[in-house]
Amino acid sequence: MRSLALGLFCLLCCDAARPERRRPRPNVSRGRNESAVQTNSVERPCKGVPLDFVFVIDSSRSIRPHDYEKVKTFIADLLQFLAVGPDATRVGLLQYGSVVQNEFSLNAYTTKAEMEQAVRSMEHLATGTMTGLAIQYTMETAFTEAEGARPADLHIPRIAMIVTDGRPQDTVEEVAAQARQAGIQIFAIGVGRVDMNTLKAIGSEPHSEHVYLVANFSQIETLISVFQSKLCGGSDMCETVDHQCQHICVSTPASYKCKCRKGYILNPDGKTCKAEDTCAVVDHGCAHICDNLPVGFECRCRPGYQLNTDLKTCSRIDYCDLGNHGCEHDCISTPESYICRCKKGYVLNLDGKTCSKIDHCADGKHGCEQQFMTTEDSCVCKCRKGYTLRPDGKTCKKIDHCADGKHGCEQQFMTTEDSCVCKCRKGYTLRPDGKTCQKPECGDGVMDLVFVIDGSKSLGSANFELVKQFVTGIVDSLDISRIGTHVGLIQYSTKVRTEFTLGQYTNAQDIEKAVSRMQYMGRGSMTGSALRHMFEYSFSAKEGARANIPRVSIVFTDGRSQDDVSEWANKAKNAGVTIYALGVGKAIEQELREIASEPDDKHLYYAEGFEKMGEITNKLKTRICKDKPSDEKMCQCENVIMFQSQVTEKLKKLTQNIEAMSNRLETLENQLLHK
């Protein structure tokens, strides 16, 4: 108890109390009869280091009304010991249940009277226990400059005091670690059956200074006397605690740390020190030998080597540098001299200096069926154009032009006599590029489409599979390709998860496989957070969104959102995103209207049950797809493509015939030269 209180309030450097300036603390109702209890008069608040201090209060249904009043009394009593003011300590307060409710920000009030009134006006939320969500709000919102936190470069300590009475309904470890890394000191106070490991996962280290557990809400008042007795007890932690530092103790806000004298390093226990072996603890990079110096280290080389200019690596003393070796190709230094060596494909002559090229094909034993060539270390067989070498490395076979996989065909392909030709499946037509296919159902419509899918627990795994079928049905009707429509998808519950981005897949088959692999999240329903993610990330260039391409989002939900949807829906629509809102079952019509683009009758769809989602699918296909091109235009386009393909094929054949004739002439010349 004593160590936690001291760790919290040692941040304040206190002036001496002045008896003549005493004033009473406000009356706070306690107990079931709410009788007023007059606290002892409190001396003048200590003036010390300014703080940005935020109370984070558990307001879950497990806290009984009279215990909730005790928490309010606890906050009001703590305010008496803080030197509050714009240039002194700033105080904020938020409470949480299933959602986070900000009572007042760091810049809301400048006097204790205003803060006490706001504390008395707090109303019990009596919902869930989303402690992780509250810590995330504290880090991302409460401690921002917009909410009154002072700039980080002023080095004003940021303190969060979290009071909770139960097990969180969400995870706290990761977000609490992020908050601490962001420079927030967290004090975790548990009341009743709170798991100590959970409190330690929330609070800062050392835990003895930041984590505290009391049996019930009546005992939380005992912290007040501890805080009062320690509030003006001095600001040097090293002088007031048994720090056990072997060398040096350094006081820090709300805690302390041990340091070692020069030439020593701190042991893992954080208390004792040992002589520093610089070479053993740093990545010195010395190739041979590392020598410790009074300050730092130096690299040395073994005998017969010299230190290079990088002062880390070593090189042998090079006799070839004398410049009188006479080697035609390479000179290699030995411990006492040098030798000459030839490059690959050459052999050293008898003089030990010059080199001659090796002709590995000269003996005529290569056994090549068509062509051959000498490399640096062997005789290699080759084939004429249009043929490829068999695994035996000797004989040749005709090339399957589609076998190398470089045809680039989006759907199907077939090998002709001298090329690989792309084809499309039934219901698709080949584009002019001769590679990709388009589906006439949506014409030439091109868009960047992002699905925002509700994966909350109210949906159920069976209905989630129906939603996946709905997505697949929409994808089937779109012209998806590298230059056509792109599709991305995010799933949300309490958190938001990107299943795949706009730039990840360029054909319908890959998208449908990704949809089938989706795992049901099955938790809360934070539709507002999902809309924010869609607006800020899904339509970013980093995730594949393209400039000057229409942006469309299909938002599916089956119930009420646990957060506000209007703000981020309006931002997305104002930025040019067309939003279709699809609701099923218990979806709220007003929320759907806030999400959907105008007019509602073209962008809002609702079905009473999942069995009627097929109707929504058909209506939505009709809305987002453009008209089919006329038969006359399609016919003209196909004739042009057929003519282009025929001309291209004829030119390829003519070119290959010329190359084959050249290869035959070259082979005849080689045979004449070897006779």
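Just so we're clear, the structure is a prediction, and the values are computed from it rather than from any experiment.

Thresholds applied
Residues numbered from 1 in each chain as written. Predicted model: local features only at pLDDT ≥ 70, side-chain atom pairs only at ≥ 80, totals over all residues. Heavy atoms only, no water. Axes fitted to C-alpha atoms, helices over the stretch in contact; angles between N-to-C directions. Helix = DSSP H or I, 4+ residues; strand = E, 2+ residues; numbered from the N terminus. Parallel < 35°, antiparallel > 145°, perpendicular 65-115°, else oblique. Left-handed = near helix turned anticlockwise from the far one by under 90°. Contact = heavy atoms within 4.5 Å. Disulfide = S-S within 2.5 Å. Buried < 20%, exposed > 50% of the residue type's maximum accessible area, 1.4 Å probe, protein only. 1 Å grid on protein atoms, 1.4 Å probe; cavity = no way out; pocket = protein on both sides within 12 Å on 5 of 7 lines; lining within 4 Å. Points joined across faces, edges and corners; volume = space filled by probe spheres on them. Nonpolar A, V, L, I, M, F, W, Y, C, P; charged D, E, K, R; others polar. Salt bridge = Lys/Arg side-chain N within 4 Å of Asp/Glu carboxyl O. Phe/Tyr/Trp six-rings, centres within 6.5 Å; stacked < 30°, edge-to-face > 60°.

Draft legend 1. Fine view of the packing of helix α13 (residues 527–538) against helix α14 (residues 566–574). Running from amino to carboxyl end, α13 crosses α14 at an angle of 25°, the nearest separation of the two axes being 8 Å. Of the possible angle classes, the one that applies to α13 and α14 is roughly parallel. When the axes of α13 and α14 are compared, the crossing they make is left-handed. Counting all contacts with α13, which are made through Gly528, Leu531, Arg532, Met534, Phe535 and Glu536, the residues of α14 involved are Trp568, Ala569, Lys571 and Ala572.

Draft legend 2. Inspection of the state of the cysteines at higher detail. By the definition in use, this model includes 13 disulfides. Here Cys383 pairs with Cys396 through a disulfide, and the sulfurs are 1.9 Å apart. Looking down the S-S bond of the Cys383 and Cys396 bridge, the torsion is -90°, so its handedness is left-handed. Of this pair, Cys383 sits in the loop between β22 (379–382) and β23 (387–389) while Cys396 sits in strand β24 (residues 396–398), placing them 13 residues apart in sequence. A relative accessible area of 6% places Cys396 in the buried class.

Draft legend 3. Molecular detail of the layout of surface pockets. Here the largest pocket defines a volume of roughly 1,200 Å³. Around the largest pocket, the lining comprises 31 residues; the ones closest to its centre are Leu133, Gln136, Glu140, Ser529 and Arg532. Its residues assigned to classes, the lining of the largest pocket comprises eleven nonpolar, ten polar and ten charged.

Draft legend 4. Structural detail: the pattern of salt bridges. Counting across every chain of the model gives 13 salt bridges. Its salt-bridge partner being Glu465, residue Lys468 comes within 3.3 Å of it at the nearest N-O pair. Taken together, the residues span about one helical turn, with Lys468 and Glu465 both in helix α11 (residues 461–476) at a distance of three residues. With a relative accessible area of 38%, Glu465 lands in the partly exposed category. Bridged by salt links that share partners, the residues Arg64, Asp67 and Lys70 form one connected network.

Draft legend 5. The arrangement of the packing of aromatic side chains in detail. The tally for this structure, following the rule as stated, stands at six aromatic pairs. Here Phe535 and Trp568 contribute two aromatic rings whose centre-to-centre distance is 6.0 Å and whose plane-to-plane angle is 45°, an arrangement assigned as tilted. Here Phe535 is found in helix α13, whereas its partner Trp568 is found in helix α14, with 33 residues between them in sequence. Residue Phe535 is classed as partly exposed on the basis of its relative accessible area of 27%. On the basis of an interplanar angle of 55° and a centroid distance of 6.2 Å, the ring pair of Phe556 and Phe610 is categorised as tilted. Note that Phe556 is positioned in strand β32 (residues 551–557) and Phe610 in the loop between β34 (604–607) and α17 (613–624), a separation of 54 residues in sequence. A relative accessible area of 14% places Phe610 in the buried class.

Draft legend 6. Quick look at the environment of Ala545. Turning to its location among the elements, Ala545 is positioned in the loop between α13 and β32. When sequence neighbours within four positions are dropped, the list of residues in contact with Ala545 reads Asp448, Leu502, Phe539, Ser540 and Arg551.

Draft legend 7. Quick look at unusual backbone geometry. Following Glu205, the chain continues into Pro206 via a peptide bond in cis, with omega recorded as 0°. Following Glu598, the chain continues into Pro599 via a peptide bond in cis, with omega recorded as -5°. Tracing the chain through its elements places Pro599 in the loop between α15 (589–595) and α16 (600–603). We note that Ala126 has phi near 55°; this positive angle belongs to a residue other than glycine. On the secondary structure map, Ala126 appears in the loop between α3 (112–120) and α4 (131–142). Overall, the relative accessible area of 35% leaves Ala126 in the partly exposed class. Of note, His155 is a non-glycine position whose phi angle comes to about 60°, a positive value. Structurally, His155 is set in the loop between α4 and β6 (158–164).

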